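Spelled out from the first residue to the last, the chains are:
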Amino acid sequence: MLRTALRNVLAHKGRLVMTVLAVCLGVAFICGTLVFADSSAAAARAAASKNFADTALTVTPKDSPSGAAADQHPTVLDDALVRRLADVPGVAAVRPSVDGSAVLNAADGTPLRAGKAWANLAAAYVPDKDGKDGRYPLVKGHAPRNGDELAVDSGTAAAGGFGIGDQVTLATDGPVLTKRLVGIVTTRDTRVTAGGTLALFDEATAQRLFASPGHYNAIDLSATPGTDRSELADRVTAVLPADRAEAVSGAAQAAQQATYVDTLTRGYQKLPMVFAGVSLFIGSFLIVNTFTVLVARRTREIALLRAIGASRRQVVRSVLWEAVLIGLVASAAGFLLGLGIASVLPDILSTTRDTLPHGPLVIGPRPVVAAFGVGVGITVLAAWLPSRRAAKVAPVEAMRSAGQPPSATSSRVRGAAGLALLVLGAGLLVSLTGAKDASVQNLQSAMLGCAVLVVAMIVLAPLLAVPVIRLSGRLTGRFGITGRLASENALRDPRRTAATASALMISTALVVGLAVIGNSTGQALDRQAADGLSADYVISTRTTTTGIDPAAVQRVADTAGVRTATAVTDSVLFTGGKVREISGVDPDTVAAVMKLDLVSGSLKDLGPGRIAVSSTTAREQGVSTGSRLDAGLGRSQDVRQYTVVGVYQDNPVAHDALGARIEVQQNSFKPGSVQRILVRTDSSAVSRNTEARLRTAVGNSPLLQVKNREELVHEAAGPLGDLLTLMYGLLAIGAVISSLGIVNTLAMSVSERTREIGVLRAIGMERAAIRRMIRLESVTVAAFGTLLGLVGGLFGAWRVGALANGAMTRYSLALPWGTLLLVCLVSLAIGAVAAAVPARRAAALSPLEAVAEA
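Cut-offs applied
- Residues numbered from 1 in each chain as written.
- Predicted model: local features only at pLDDT ≥ 70, side-chain atom pairs only at ≥ 80, totals over all residues.
- Heavy atoms only, no water.
- Helix = DSSP H or I, 4+ residues; strand = E, 2+ residues; numbered from the N terminus.
- Buried < 20%, exposed > 50% of the residue type's maximum accessible area, 1.4 Å probe, protein only.
- Contact = heavy atoms within 4.5 Å.
- Areas by Shrake-Rupley, 256 points an atom, 1.4 Å probe, with all protein chains shown as cover.
- Pairing = 2+ DSSP bridges.
- Axes fitted to C-alpha atoms, helices over the stretch in contact; angles between N-to-C directions.
- Patch = residues over 30% accessible without salt bridge, like charges linked within 9 Å, V, L, I, M, F, W, Y side chains within 5 Å.
- Salt bridge = Lys/Arg side-chain N within 4 Å of Asp/Glu carboxyl O.
- Core = buried A, V, L, I, M, F, W, Y, C linked by side-chain atoms within 4.5 Å.
- Phe/Tyr/Trp six-rings, centres within 6.5 Å; stacked < 30°, edge-to-face > 60°.
- Lys NZ or Arg CZ within 6 Å of the ring centre and 35° of its normal.
- Parallel < 35°, antiparallel > 145°, perpendicular 65-115°, else oblique.
- Left-handed = near helix turned anticlockwise from the far one by under 90°.
- Nonpolar A, V, L, I, M, F, W, Y, C, P; charged D, E, K, R; others polar.
- pLDDT = per-residue confidence, 0-100.
- Polar contact = N/O pair within 3.5 Å; in protein donor to acceptor, adjacent residues only side chain to side chain.
- Arc of directions from axis to C-beta.

1. Considerations on the overall build of the protein
Phase 1: The secondary structure content of the protein amounts to 30 helices and 22 strands.
Phase 2: For the protein, buried positions account for 49% of its 854 residues.
Phase 3: Put simply, of all contacts in the protein between residues at least 6 apart along the chain, 82% involve residues at least 24 apart.
Phase 4: Surface summary for the protein: the accessible area is close to 38,800 Å², and the carbon and sulfur share equals 59%.

2. A closer look at the sheet that holds strand β12 (residues 245–249)
Phase 1: The strand order across the open sheet formed by four strands is β2-β11-β1-β12, and the pairing between neighbours is antiparallel. A single partner strand is all that each edge strand has here, and the edge strands are β2 (91–97) and β12. Averaged over all adjacent pairs, the angle separating strand axes in this sheet is 20 degrees, with direction ignored.
Phase 2: The pairing of strand β1 (residues 57–61) with β12 spans five bridges and is antiparallel. When the sheet's bridge partners are listed, V59 is paired in β12 with A247.
Phase 3: Strands in contact with helix α3 (residues 79–86) are β1, β2 and β11 (218–223); relative to β2, the strand with the most contacts, it is inclined by about 165 degrees.
Phase 4: Contacting β1, β2, β11 and β12, helix α7 (residues 229–239) runs over the sheet at an angle of about 30 degrees to β1.

3. A word on a nonpolar patch on the surface
Phase 1: Where nonpolar side chains cluster on the molecular surface, the patch consists of L361, I363 and V368 and spans about 220 Å² of accessible area.
Phase 2: Position of I363 among the secondary structure elements: in the loop between α11 (312–352) and α12 (365–391).
Phase 3: Classification of I363 by relative accessible area gives partly exposed; the value is 46%.

4. Some words on the pattern of salt bridges
Phase 1: As enumerated under the stated definition, the model contains ten salt bridges in all.
Phase 2: One salt bridge in this structure joins R640 and E663, with 3.3 Å as the shortest N-O distance. Residue R640 is found in strand β19 (residues 639–648), and its partner E663 is found in helix α21 (residues 661–666); the two are separated by 23 residues along the sequence.
Phase 3: Look at R640 and you get partly exposed, because its relative accessible area is 38%.
Phase 4: What emerges from the salt-bridge pattern is a single network uniting R95, D133 and R135.

5. Comments concerning the nonpolar core
Phase 1: Ranked by internal contacts, the top residues of the largest apolar core, which has 39 residues, are V59 and V236.
Phase 2: V236 has contacts with L57, V59, L85, V88, L221 and A247, leaving out every residue within four places of it along the chain.

6. Brief notes about the packing of aromatic side chains
Phase 1: Applying the stated criterion across every chain, the model contains two aromatic pairs.
Phase 2: R640 extends its terminal NZ or CZ atom over the ring of Y642, reaching a point 4.7 Å from the ring centre.
Phase 3: We note R799 situated over the ring of W798; from NZ or CZ to the ring centre the distance is 4.4 Å.

7. Concerning the packing of helix α16 (residues 481–492) against helix α26 (residues 767–800)
Phase 1: At their nearest, the axes of α16 and α26 sit 8 Å apart, and the two run at 45 degrees to each other. When the axis of α16 is compared with that of α26, the two are oblique. As for how α16 packs across α26, the hand of that crossing is right-handed. Along the contact surface, α16 presents T482, G483, L485, A486, N489 and A490, while α26 presents A769, R772, M773, L776, E777, T780 and V781.
Phase 2: Taken together, the residues of the contact of α16 with α26 sort by class into seven nonpolar, four polar and two charged.

8. Some words on the environment of Q641
Phase 1: Of note, Q641 is situated in strand β19.
Phase 2: A relative accessible area of 45% places Q641 in the partly exposed class.
Phase 3: Each C-alpha atom of the pair Q641 and S627 lies 9.8 Å from the other, and the pair is 14 residues apart in sequence.
Phase 4: If near-sequence neighbours (up to four positions away) are discounted, Q641 is found in contact with G609, R628, L629 and D630.

9. Thoughts on the pairing of strand β18 (residues 628–633)
Phase 1: Taken together, the two bridges between strand β14 (residues 562–575) and β18 define a ladder with antiparallel strand orientation. Residue pairing in the sheet places F574 in a bridge with G632 of β18.
Phase 2: The pairing of β18 with β19 spans five bridges and is classified as antiparallel. For R628, the partnering residue across the bridge sits in β19 and is T643.

10. As for the environment of Q253
Phase 1: Considering the arrangement of structural elements, one finds Q253 in helix α8 (residues 250–265).
Phase 2: By relative accessible area, which is 14% here, Q253 ends up buried.
Phase 3: Put simply, Q253 and T58 are 195 residues apart on the chain and 8.8 Å apart in space, counted from C-alpha to C-alpha.

11. Digging into the confidence of the model for the protein
Phase 1: When pLDDT is averaged along the protein, the result is 79; 76% of the residues meet or exceed 70.
Phase 2: Of the regions scoring below 50 in pLDDT, residues 64–73 engages in eight contacts with residues more than four places distant in sequence or in other chains.

12. Focus on the side chain of N217
Phase 1: Mapping N217 onto the fold places it in the loop between α6 (203–210) and β11.
Phase 2: A polar contact of 2.9 Å, which involves the side chain of N217, links it to the backbone oxygen of D99.
Phase 3: Once you skip the residues sitting within four places of it in the chain, N217 turns out to touch T60, P61, L77, S97, V98, D99 and F210.

13. A short note on unusual backbone geometry
Phase 1: A positive phi angle, near 65 degrees, is found at H655, a position not held by glycine.
Phase 2: Tracing the sequence through the fold places H655 in the loop between β19 and β20 (657–660).
Phase 3: Located in the positive-phi region is N700, a residue other than glycine, with phi close to 50 degrees.
Phase 4: Within the secondary structure layout, N700 lies in the loop between α22 (688–697) and β22 (704–708).
Phase 5: Its relative accessible area of 42% is what places N700 among the partly exposed residues.

14. Some remarks on helix α18 (residues 550–557)
Phase 1: By the burial criterion, the buried members of α18 are A552, V553 and V556. Take α18 and look down its axis: the buried residues cluster within an arc of 110 degrees, on one side only.
Phase 2: Among the structural elements, β13 (537–541), β14, β21 (676–681) and α22 are those in contact with the buried residues of α18.

15. Quick word on the packing of helix α25 (residues 754–762) against α26
Phase 1: The interhelical angle for the contact between α25 and α26, taken along N-to-C directions, is 140 degrees, at an axis separation of 10 Å. Here α25 is positioned oblique relative to α26, judged by the angle of their axes. Where α25 crosses over α26, the handedness of that crossing is right-handed. The segment α25 lies against α26, with I757, L760 and R761 engaging R767, I770 and M773.
Phase 2: A class-by-class count of the residues in the contact of α25 with α26 yields four nonpolar, no polar and two charged.

This is the structure in structure tokens:
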């Protein structure tokens, strides 16, 4: 039976190539995703950590008292401690270091790798006795010698367009600094080689920026050969000031960073995994359809095997062995294609999200096992039902007929099962009507309801095919006899038609559902941003650890074209066991830059001990205007009573509460700091000149960003970028696999109808008419799948979208008519294009040879 299976595969290799391609796509995404996940985790691990291979221990200061600045509470890591550590037995070398973060502006003024902590490395160039720092070999120029000089690595120089002697602007945590580039170095630091930037200062400047004069923030120790690490740690700890410093092993630091990297890279594989799942799910229909047709075509052959003594089990095994062979070939091809996908995914995701660290591909056993396990498993599973159906046919019955239509009982059972699933799926989605939040439980219910609904449509598709295609036959009938024949051919085997259309139905439903939800959410965010913000520009920090110089607020206010500039200090409010966001504003100017819909009270009453809260916060805390609220503000967290002077409708710009800026600043984690400047200009039109003037007013700091209202809306809709990527990706996958399915089905259909086509040619039908008949049949099948997908996708989006009402009060269903029209046109185009090869093959048949074929 194995030899029989191999012969059958070789005999039908042309028809099975489509099946191989379908499985190959799914396996490629799974393999590519797993390799990408492992590779990106390794690259991120390198990017987020330094090399601990030569580090036995690292001495670091213990936490300073809350709120203490570096110059108020300097670390104990000084030169005296460095000398004491060098005298510890077993210590081979001592390397003090001062490092931090610095964002550089490129030569054109754009920040380099802004907002990524691992990507903005800054350190001190600490020369040894030979005057060189072995960590940073110089390739051009010289090392920085004073506070006006700077060195960068070669990658940073290339990315920023820097040359020796150039003036480079940068920022650490404060005003913009300007340094003269005097040296270019190389480094093996994986944080830099993975795509980060490196800025090197002289030791005194680095200490002033990142620690305190004469002090370091870490001291690395290497051990002499044969030294016991535990004993060395005890000896080092003995010389450290008690409760002021600690020694951490390199292995412990590596373990901590491994945990961090796992968290950092956990979400990288979600989007590609969705593609993989959809590819295999849609591809399974193509496999089922292919093996069903092949088994039906070989009914006489199977009957002969049964007649000469083959058992049902042997027939099943023969078909399954074919599936195994196909799965192995498809898995091998998919694995190789997956490696290509894994190599380009970092660049793709870097353009849609953030810059991801780069590194070599890591190929472990997991993707290999998954590729062949899933590829072969899905193929065998999809071929199992056709093999069982073939084995149940009696030898004599099979010799009499090449195929039997489904019985009435089978159709009734299918209809009852489909209706039951339809009611269950629709019921689960309708039950979400009262849900007002997108909780995990509600999302799981929605996903389960959509899945059941899809299964119901798949089960009912053969029954729905007859009335729908007969109705569409009125349109194809306008093409004359070829149109009527195309409709009848599609109805000849409703199960095959439904299986072919199901792939397109699923992809269309997914794309339509995502498109409707994405469009509705985008419009809701747009309205919400427009409702909450009157300002034309917002100047804000790129990171949560930095602030805006308060003096910059006045410079912005004095900028030409600026009508109002209001500073906002963001902090936290501890109340009711929750951490909420509070914005400190100026009561006299807040109305000019924020659109606040007051339920009660007045913002004019904001002041020390008096706050306003959002309606959600008021409801959850059970307060109203005039009530007292026990809360802790900012870093102090000391609970005191605040008087609620106003309640406003939820506003993303105002956050959960509003307070007087002076009080919030005094209690913020960076006292006196400003996190946002809301700017109202004389003209609401976006102007590059205005943006340039605003950037100049804040010193062109790479730590700050100036965004107009459109950019803020786009930022708020950031997850929609992933949704659109997913939508178009699913559309592309569905298009490819659906076209493969249609090509495969039509090719086998043409082969089955060879004599019929020969008769049509013999009685006078032209080649062009034959091609038109095949194309119309393909478009009919595509239109059927598209119609079912549209209905299912719109219903699912309508019900799932109801969950957004709790999170976005402005959410309402908004149909993207352009996208829906595009989906329909693409789906119909798939049908027309997929029919090209089978139609040409059918038209090329010789009438005499076709009629003479048995």
